[in-house]
Each structure stands twice: as C-alpha cells, then as structure tokens.
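Notes for the structure review
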Amino acid sequence: MLARRLWINDQVSRRRRAWVCGRVVVTGMMNGMPSLTRAEAAARSATITVTAYEIDLDLSRDAATFRSRTVVRFAGQPGAATFVEFEPAEVLSATLNGVPLDPATALIEHRLALTGLAAANELVIEAEMAYSNTGEGLHRFVDPADKQVYLYGHMFLDGARRIFPCFDQPDLKAPYRLSVTAPADWLVAANGMPAEPPVSGRHAFAETLPLASYVFTLIAGPYHARTDEHDGIPLALYARQSLARFLDAEADELFTVTKQCLDRYHELFAVRYPFGHYQQAFVPEFNFGAMENPGLVVFRDEFIYRSAVTDSQRESRATVVAHEMAHMWFGDLVTMAWWDDLWLNESFADYMGYRVTAEATRFTGCWTTFAMQDKAWGMRADQRPSTHPVAPTEVDNTDLALLNFDGISYAKGAAVLKQLVAWVGDEAFLAGLNEYFARHAYGNATLADLLTALSKASGRDLTAWADVWLRQAQVNTLRAEIEPASARYGGVTIVQTAPEHWPTLRPHRVGVGLYDRRADGAVLRRRFELDLEPALDGGRTPVPELAGQEAPDLLLLNDGDLTYAKIRLDDASVAAVPLILPLLADPLARATVWASLLDAVTDGERPVAELVTLVLAALPVETEVVVIEDVLALSRRLVDLYSTAETRGVALELVAQACDRLLAASEPGGSRQLAAARKLVGATIDRVRLQGWLDGVGVPEGLAVDTDLRWLILYRLVVLGAAGPEEIENELIRDRSATGEQWAGRCHAAVPTAAAKATAWATLTSDTEVSNRLAEAAAEGFWHPEQLDLTAPYVSRYFAEMPAMLRVRTGMSAERIAQRAYPVLAVEPRTRELAAELLAASDVPTILRRVVTDGDDDVRRALAARG
Ligand SMILES: [Zn+2]
C-alpha cells in the first residue's frame, strides 16, 4: 500500500506530515469495537486452516445495501471454537456444517462465534451488507459529473468483514472464488481472471492463488477501460467515465511504465509475476495512494490528471506503480505472518519502487526525490517522542498496526535497505531475496526468515546489523570535526551521535564529497566511501583520506545518499552554501545539502530567517523540480510554524519573491514554471495579481490557468478574504466534478467568517453523510495563519470534540480528519496544556492519542523555535 503522496494539488506540505507514535497506551478498542489481538490471531491460526472462500455478491439492489452469500471451507481441531469477523446490516441465514447459527446470540461486536468445529468445516452465510462512504469495505460513490455509480473494495486493514465473513488475519491465506451480479452495463473486475464472459450482468471469476484477506478486492460500475498485453500478461487500466478522456491521454505513459517495471522485476527476481493479469484501477475517494491487491491494484484517481502537472508528479506516479508492483512479491506472494513485520511489505516496496523506477523508466533521477522527501518524512517520524523501530516487536493488535503506516515503515525502512545493499553488496542482497521468495512463496514469513536468507547469501551474520538498524528506533547525526580549520585540513574525524534517550550508534557506509568553487562552477574534487564502525571506534572515525588535503569549499558527508542519518555541515561549508549550492551539478548532492539545512532549521539550530534568505538566493536557479517543490513546501511550513505574527509577513514575502524570480527564470509551459506558479499563488498577498490571473490578465507566457490552478488561486483569494461563497459556487458551476466538489468544500471551510467556520467544523466532526474525502476537505481548509483570531475558539473545541468524532468515523478516514483538523498553527502554551489534558485521560482512542501526540510535538518545536 502507499500511504505517502496523499496530496491534493498544492497540499504537498501536508503529505509528509508524519503521524507516528508507537509508545501509545493500548486501549484495544477503536470506534467502540475490539480489534484483533496478536494473541487471538496466533490462537486462531493454531486452531484452523482456511481452504477456500466462495463469495457471491449481488450489487444490483438499492443504494444502501448489497447481498453477500459466502461459503468458507476450513479445517479445524475437532471440538474447538473460533470466530469469523463479520459486520452485516442483516443476517438472512447462517449455518456451520449444516447447523443453523443464531446471529442474535453468536454475533457480538463484529465477531461471529463458531463452536464445536469438525475436522472439515463449511460455514455458509447470506446477509445484507452496507455500502460505505469512508473508503473502507465496499465504497459507493456517485459521480457528481454524471450521476453514475461506482463501487470499489478496500479490505485493508480489517475491512473484509464489511463484505464477507472472514478469518481476517494475514497468515490465514486461502484461494478466493468470486461471482457478482451487477447491472448489465457495468464493468466488474476482481483479483481473479474472468472465468467466462459476463452474461446479463452475471460475472464469474476464476479461483485465485492463496491470498491474504486484506488484498481481496473488486471494482464494479460503468468504468472506462483500456487494455493491452505484455510478455504474456494481460494489462488493463480503469477509471470513471467522466475521466475517460484523461485516462486515454495517460494510458500510453501508464502502460509504458508498467511494462518497463514488469520487465525489470522479472530480471531481478527468479519468480515471475504469478497472479495472471495485471489490472490497475483508478478509483474515487481512495484513502491511500494505492493498494497492492494481486491482479487488481487500486489507485486514487487523482493520478489521472485533468489539469497540467509537473514532471515530478509524473515521476511520483511512476514510483507508486513500481511500489505496488513490488508488493506482488513482497506482501502478496510472501506475506508477513503478523503486522509487526509490516516493514517486510512497505520498506521493501518503497526501496524496490524507487530502484526499479530509476533503473527501468525515464524517471532516472527519482533517488533525488527519495533523498529530499521520503527521508525527511522518515526522520520527522523517527524523532517524535514516541517513535518505534522499523521492525517493532510489540504490535499487539490491528489498531496499532494501522498506526505503523508511517514514515518509519516506509521511508526509513527503505533507506535502511538502501544502506543494507551498500553494506552487503547488491548481488548478495538479490540472491538472499530470491532464496526468501523460493522458500516462502504463497505462504508467510518473518524478519528471522529474511535474515536467514540474506545471511546465507552474503556470508555475513546480520544479527547485530538488524538489531541496531531494525530493532532500535531514532536516527544518528553525522558531522565532521576538523582541526585545524585553515587552508589545509589537519585531522578530520567523522563524529556520530545519537539522542540521549535512544543512545544507539550504528555502522554506516557513507560517501564523502569534496567540492571546490571555481569561476565557471563547482567541481567535485574527490568522492570516496568509508565505513563507520562505532563498535571499533566509539563513534569517532578518523578519515585519513582528508588529512593534509586543501580544505574544499564544501565538505559533504553522505554524498551519494547511501545512509540514513542527519547530516550537519561544518561551519566553513555552511558559510559557503549560498554561493556553492546553486553551482553543484549533481541534483542528489544539492538535495543532500538542502535536506541538511532544512533539518537544521526544523531542529531549531538555525533560524527560519536564514532559511528564507537562502531560498531567495539559491532556489531561483534550481532546475530540479522536486527540489523546488519540496524546499518551498517545507520552507512555507516552517515560516507558518516558526515565525511570530511580527516576523511572518517578511518571511512570507521573501518566499513569494523567490517564487517570482523562479517564475521569471522558467521556460514557458514547463514543470518548473508550474511549480513556481503554484507556490507563488500560495505565498503571495497580492490579490489584484491573483484576480488578474483568474481573469486572464498578466498571466506568465506559457502558464495554463486550467481547472485546478483556477481553484488554487480562488482558494488563496478566499483565505485572504478577497473572494467568498458566491465566487466558490460560480467556480463549481464551471467544474461540476468530484474534484471540483472537494475544492469547493476546502474553499468554503477557508472563508473567514464565523458562520463558514461553524459549518465546516460541523461537517468534519459529525456529518457522517458526507464522504471521507469531503470531510477531509473541510478539515484541510479550516486553519490558516491569517485567520487565527477567528478560529481561536476551535482550539479547545478540537480537544473536547475529537473523541466523539472518533466514535462516529472509522479507521483511516477518522485518522486523517483528526490530523488535518489539529490546531498546530495555534502555537501557544495553552494548546500544549489542552493536549496534555487529553492525553492524560485513560479512554482516548488509539488513533487520536497518536495524532495528538504528534501534533503536540510540532507545537512544542514551534514554541521552542519562536521562543
Ligand atoms: Zn505499499
């Protein structure tokens, strides 16, 4: 699954907001229902073996419910008892081995008790099931563009019970045979290949290979399809009819990337793609970036672009395609036994996704994006007061598992794997993986199984490596200690440190680059790699290669970005950055320098004023779009959080000036121009200019003020009080689409009136009629630095009312709303006091506890930086 890249247009700064904790108090309850515990799962898999699911769905009924008839066959210990997860609207009939079950007594809190098991069992249940509007279970969406109805299934993490009775845990894999009745003009697709052509709306699918229940899926509706074939594998793309022309425009690139990635995976892995066809469906209101259902990967349909996008967005989409494809091996072919090994899915998919994108597609520079964005995401999560190891040992239930879909399980894990490859060598790494696939195909595996395979292939005992990198949390800092600091280096020592409360030092393989500034640019004088071995040197590694060397203008640790560590430049290098940074030819080196500086500001070690001055000096000549986007997004976030009311205006003006210079220096119609224009719109307070762009006045040559850019401009005008409900409704008439409705919701929430804020607040806290995405839009539009007086009453209301919101909303959707609505911009001691009061209560839902812990940490940092 892909939890990152959840941006909507200019919401890039939100996408990396880490939402991690890990040292949360286990309530064992979310949304009032018990979540499956590890002990229960272990007991159940010791009691039963599932042999087959036969699921028959009737989707041709009303707008609220569908009919589900399921046969589950499983072996059991005779006489034993167990349960299935099941969440019906109404049970019509239920039998176990032919004996009727009474749901009135047997079905409690979404668990149906099964007692008196035989050696071979057959559970048959027919029920009315409810559609969802939360992106979980079977999500039902009515397209505002044409009123067509679209359905898609999303089981992850424990939503299967909302479609069929299910032994819902990752190590009870079984084959699925699905049949569906649907309106005759609908397209229905599923994990399995079609068994025969549909007749009168009746669809039958072939039995799948053994799958974990969380990757079962289907889509149904009048979806538009494009098909192709590659290397014997049928390919398909699906999207809503109202996006048909946009899907057609994107199909070439999507198929090309898909084929290139398939070829590359087949070169790297000994096992071919095993799941028959490879379909990719782009669906509305999807909670994540994408989900790796075998045979039918589901993506959010914002990936089908309807307005101009930057090439970095296309690169991002390609890495998502590659990430999901990696899951066909990591997760789908070999599945974690329990959620504590979630990283076996996500870290590998993230690492392989970037690697295969870089090696096989036109997006060869995507490791720069990784260095710039993903690692910052991972490090932010990893430095929270309640971080967790990449491979935690204590994921006690499914609620806690859901919370680990964070920057640690994805980005840090991927960075650690990149470091592992540098450590053991690529050949041994791949040999180990192939051994792991061969041994555990169609089954489950654990960290220990992987380490066994990698150790065997590399001839190195990885126990100590895994202990410090995978079982210990937090991040190390590397800096060069130079003496004497004059024209020539005397001794140079790389010093590794760790936070006091997580004092682990780690072995690192790092690159070191020496850059000199010349009249015609910057020159890489020398780059070399060395191993830091704290077990031998206590974290102080002398670098004999540098002794006696003429001091370079920039000494760059982790050049080439091999390891996962915070980098601090020496004083002389920091002083040289404004002049040398724009001259560095290697985008990865520039990204590494920027990441180091942004991190130092985030940590409060350097002032935000210094950052915006550097942005103005160095960014307008930046050519790498992802660097532009990320530096501006994070700088903007730091300006909003770390500046005071007195200093913010000047800082924001410098950011706007940097965007303006960038815009002036950009090629008309290019990605750089679009990135600069979007960020300028978000930062400027020049209402006349913004209104002019909407009216076609003063628009830079080559810049298309298209549907999404129009909404972005209007949104900014609304925040500034220069447009209101009437303008929003007029724009919605121009763009009567799902995305248009979301933009309108965001804009209405941003209107600076008490009435608009009250309406938005009611939408996000308690209106369960609106979908996940529209509730999130209200939360996204709510808080602005420009409106803090108006929204002041909602700071205490957040802490008072969010527990109730968590009772009416579920899972991911609830979490995302709680995150987006957090009053992080209210940088005051009172906000921290309210957070502390809430966290002191014993009955805070698990999700909210983590969201508040994280939000409070951001406020703490901001207060310190302002202080
Ligand atoms: Zn994933």
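Conventions adopted
- Residues numbered from 1 in each chain as written.
- Predicted model: local features only at pLDDT ≥ 70, side-chain atom pairs only at ≥ 80, totals over all residues.
- Heavy atoms only, no water.
- Helix = DSSP H or I, 4+ residues; strand = E, 2+ residues; numbered from the N terminus.
- Buried < 20%, exposed > 50% of the residue type's maximum accessible area, 1.4 Å probe, protein only.
- Contact = heavy atoms within 4.5 Å.
- Areas by Shrake-Rupley, 256 points an atom, 1.4 Å probe, with all protein chains shown as cover.
- Lys, Arg positive; Asp, Glu negative; His and termini not counted.
- Charge placed at Lys NZ, Arg CZ, Asp CG, Glu CD.
- Pairing = 2+ DSSP bridges.
- Donors = N, O, S within 2.8 Å, 3.2 Å for Na, K, Ca; no water.
- Phe/Tyr/Trp six-rings, centres within 6.5 Å; stacked < 30°, edge-to-face > 60°.
- Lys NZ or Arg CZ within 6 Å of the ring centre and 35° of its normal.
- pLDDT = per-residue confidence, 0-100.
- Salt bridge = Lys/Arg side-chain N within 4 Å of Asp/Glu carboxyl O.
- Core = buried A, V, L, I, M, F, W, Y, C linked by side-chain atoms within 4.5 Å.
- Polar contact = N/O pair within 3.5 Å; in protein donor to acceptor, adjacent residues only side chain to side chain.
- Axes fitted to C-alpha atoms, helices over the stretch in contact; angles between N-to-C directions.
- Parallel < 35°, antiparallel > 145°, perpendicular 65-115°, else oblique.

Along its length, the protein chain carries 30 helices and 30 strands. Projecting the C-alpha coordinates of the protein chain onto the three principal axes gives extents of approximately 85 × 70 × 55 Å. Relative to its 867 residues, the protein chain shows a buried fraction of 64%. Relative to all contacts within the protein chain whose residues are 6 or more apart in sequence, the contacts with residues 24 or more apart total 75%. Summed over all atoms, the accessible surface of the protein chain reaches about 28,800 Å², with 52% contributed by carbon and sulfur. Placing the 84 positive and 114 negative side-chain charges of the protein chain at their respective mean positions leaves the two points 2 Å apart.

Of the pairings in the sheet, the one linking strand β3 (residues 48-58) to strand β13 (residues 176-181) comprises six bridges and is parallel in character. Considered in β13, the bridge of Asp58 is made with Thr181.

Looking now at the coordination of the zinc ion. Six octahedrally arranged donors around a metal ideally form angles of 90 or 180 degrees; four tetrahedrally arranged donors ideally form angles of 109.5 degrees. Taken together, the protein donors to the zinc ion comprise Met1 (N), Met1 (O), His323 (NE2), His327 (NE2) and Glu346 (OE), at separations of 1.9 to 2.3 Å. Donor residues for the zinc ion, ordered by position in the chain, follow M-x321-H-x3-H-x18-E. Highlighted residues: Met1 in the segment before α1 (12-15) and His327 in helix α5 (residues 311-327), separated in sequence by 326 residues. What makes His327 buried here is its relative accessible area of 0%.

Our next topic: the packing of aromatic side chains. Applying the stated criterion across every chain yields a total of 47 aromatic pairs. An angle of 70 degrees between the planes, with centres 5.2 Å apart, marks the rings of Phe782 and Trp783 as edge-to-face. By relative accessible area, which is 6% here, Trp783 ends up buried. Between the aromatic rings of Tyr798 and Phe799, the centroid separation amounts to 5.2 Å while the plane-to-plane angle is 80 degrees, which identifies the pairing as edge-to-face. For Phe799, a relative accessible area of 6% translates into the label buried. Of note, Lys418 hangs over the ring of Trp367, and the distance from its end group to the ring centre comes to 4.5 Å. For Arg506, the ring lying beneath its charged end belongs to Trp469, and the centroid distance is 5.4 Å.

Here we come to the confidence of the model for the protein chain. In the predicted model, the protein chain carries a mean pLDDT of 94, and the fraction of residues at 70 or more is 96%. Counting interchain partners and residues more than four positions distant, the pLDDT-below-50 stretch residues 5-31 has 112 contacts.

Another point: the pattern of salt bridges. Evaluated as defined, the whole model comprises 71 salt bridges. We note a salt bridge from Arg162 to Glu136, for which the minimum N-O separation is 3.6 Å. Taken together, the positions of Arg162 in the loop between β12 (149-154) and β13 and Glu136 in the loop between β10 (120-130) and β11 (137-142) put the pair 26 residues apart, joining distant regions of the chain. Owing to a relative accessible area of 17%, Arg162 belongs among the buried residues under this scheme. Salt bridges sharing common partners tie together Arg384, Lys566, Arg568, Asp599, Asp603, Glu605, Arg637, Asp854, Asp857, Asp858, Arg860 and Arg861.

Once that is clear, we can look at the nonpolar core. With 300 residues, the main nonpolar core has Leu59, Trp594 and Tyr798 as its most contacted residues. Residue contacts for Leu59: discarding those within four places in its chain leaves Phe66, Tyr131, Leu138, Leu151, Val180, Thr181, Pro183, Trp186, Leu218 and Ala220.

Moving on: the sheet that holds strand β9 (residues 111-114). An order of β5-β9-β8 is seen for the three strands of this open sheet, with the pairing classed as antiparallel. Each end of this open sheet is capped by a strand with a single partner; those strands are β5 (82-85) and β8 (107-108). As defined by bridge partners, β5 adjoins β9 across four bridges and the pair is classed as antiparallel. Across the sheet, Thr82 pairs through a bridge with Leu114, a residue of β9.

What follows covers the pairing of β11. Successive side chains on a regular strand alternate, one facing one side of the sheet and the next facing the other. Relative to β12, β11 runs antiparallel, the two sharing six bridges. Its bridge partner being in β12, Gly137 is matched across the sheet by His154. Counting the residues in the hairpin turn of β11 and β12 gives six residues, including Lys147, whose phi is positive at 65 degrees.

The next point concerns the environment of Lys757. Positionally, Lys757 belongs in helix α24 (residues 754-766). For Lys757, a relative accessible area of 0% translates into the label buried. Measuring from C-alpha to C-alpha, the distance between Lys757 and Val271 comes to 55 Å, with 486 residues separating the pair along the chain. Excluding anything up to four places from it in sequence, Lys757 contacts Ala749, Ala750, Val751, Gly781, Phe782, His784, Gln787, Leu790, Thr791 and Tyr794. At 2.7 Å, the side chain of Lys757 and the backbone oxygen of Ala749 are in polar contact.

This paragraph deals with the sheet that holds strand β27 (residues 521-532). Read from one edge of the open sheet, three strands run β27-β26-β29, paired in antiparallel fashion. Strands at the two margins of the open sheet, each flanked by one partner only, are β27 and β29 (554-557). This sheet shows a mean twist of 20 degrees between the axes of neighbouring strands, independent of strand direction. As paired strands, strand β26 (residues 508-518) and β29 are joined by four bridges and run antiparallel to one another.

A separate point is the packing of helix α15 (residues 587-602) against helix α17 (residues 625-642). Where α15 contacts α17, the axes come no closer than 11 Å and their chain directions differ by 10 degrees. As judged from the angle between their axes, α15 and α17 are roughly parallel. Contacts between α15 and α17 involve Ala591, Trp594, Leu598, Val601 and Thr602 from the first element and Val627, Val631, Leu634, Ser635, Leu638 and Tyr642 from the second.

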